[in-house]
Amino acid sequence: MTNSSLTPGQRALRKGRFSEAGRIYHVTATTFQRSAIFEDFRAARCLVAELRAMQDEGWANTLAWVVMPDHLHWLIELGSHDLARTLQRVKSRSAIHINRLRGTKGQFWQPGYYDHALRRDEDLREVARYIAANPLRAGLVRHLGDYPHWDAIWL
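Chemist: Would you take a moment to explain the overall build of the protein chain for this structure?
Modeler: Of regular secondary structure, the protein chain possesses 5 helices and 5 strands. Ordered by position from the N terminus, the helices and strands of the protein chain form the series α-β-α-β-β-α-β-α-α-β. For the protein chain, buried positions account for 45% of its 155 residues. For the protein chain, the share of sequence-separated contacts (at least 6 apart) that also reach a separation of at least 24 residues comes to 68%. Approximately 8,500 Å² of the protein chain is accessible, and the part contributed by carbon and sulfur atoms is 50%.

Chemist: I'm lost on helix α4 (residues 124-132) in this one. Help?
Modeler: Structurally, the α-helix is built with 3.6 residues per turn, so residues lying three or four positions apart point the same way. Those residues of α4 that fall on the buried side of the exposure criterion are V127, A128, I131 and A132. Down the axis of α4, the buried set is contained in an arc of 135 degrees. They therefore lie on one face. Residues of α4 that are buried in the fold lie against β1 (24-30), β2 (60-67), β3 (71-78), α5 (134-137) and β5 (150-152). By the N-cap criterion, in which a side-chain oxygen at the helix start approaches the backbone nitrogen of a residue two or three places on, α4 is capped by D123, the distance to R125 being 3.0 Å.

Chemist: Whenever I open this one, the pairing of β2 confuses me. Can you help?
Modeler: The side chains of a regular strand alternate, residue by residue, between the two faces of the sheet. Counting buried positions along β2 yields 7 of 8 residues, so the element is predominantly enclosed. Across 7 bridges, β2 lies against β3 in antiparallel orientation. Bridging from a neighbouring strand, A64 pairs with L75 of β3. Counted along the chain from β2 to the antiparallel partner β3, the turn is 3 residues long. Sheet analysis places β2 next to β5, joined by 3 bridges and oriented antiparallel. Opposite W65, over in β5, you have D151 as the bridge partner.

Chemist: When you look at the sheet that holds β2 in this model, what are you seeing that I'm missing?
Modeler: Paired through their backbone hydrogen bonds, the strands of a sheet run either parallel or antiparallel. With antiparallel pairing, the 5 strands of this open sheet are ordered in space as β4-β1-β3-β2-β5. A strand with exactly one partner marks an edge of an open sheet, and here the two such strands are β4 (114-117) and β5. Strand-to-strand twist across the sheet, computed as the mean angle between neighbouring axes with direction ignored, equals 20 degrees. Against the sheet, helix α2 (residues 41-56) contacts β2 and β3, and its axis sits at roughly 165 degrees relative to β2. The sheet contacts of helix α3 (residues 83-102) involve β1, β2, β3 and β4, and relative to β3 the element is tilted by about 135 degrees.

Chemist: Just to check I follow, could you spell out the environment of Y114 for this structure?
Modeler: By secondary structure assignment, the location of Y114 is in strand β4. The spatial distance from the C-alpha of Y114 to the C-alpha of T30 is 9.0 Å, given a sequence separation of 84 residues. Here Y114 is in contact with H26, V27 and T28, once residues within four sequence places are set aside.

Cut-offs used in this document
- Residues numbered from 1 in each chain as written.
- Predicted model: local features only at pLDDT ≥ 70, side-chain atom pairs only at ≥ 80, totals over all residues.
- Heavy atoms only, no water.
- Helix = DSSP H or I, 4+ residues; strand = E, 2+ residues; numbered from the N terminus.
- Buried < 20%, exposed > 50% of the residue type's maximum accessible area, 1.4 Å probe, protein only.
- Contact = heavy atoms within 4.5 Å.
- Areas by Shrake-Rupley, 256 points an atom, 1.4 Å probe, with all protein chains shown as cover.
- Arc of directions from axis to C-beta.
- Polar contact = N/O pair within 3.5 Å; in protein donor to acceptor, adjacent residues only side chain to side chain.
- Pairing = 2+ DSSP bridges.
- Axes fitted to C-alpha atoms, helices over the stretch in contact; angles between N-to-C directions.

Structure (structure tokens):
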């Protein structure tokens, strides 16, 4: 995503944004118009495959993730590229593959993303539990084990 495709408010939020290799980030990305694309099991698993590819290719070390019907929460240790480029790659590759899988075209993800760089004193396991519990809080399942689209290295 280029700066020209952002609204003035989104551009302002990006000013001064800094990312560093080895830093831990909690990232949230939302589908275009909050469309519940990931209710489709195949689409959700396609996104999961892209997250795994990012780890295999050294872009990010995945600590926890959950794919919700209309968004992704991803806890990562940033690898060899900056955060913006890493998210752009995940969003681009997943959009191409999922659109192809579904026989659709057009915008897939909302522009931008939300990120939070964790402080050194933040409890990573607590953040991972928060991420993994999203389906419970959203009322999608009664037991976390019933939700198929999440993982965490500690749980």
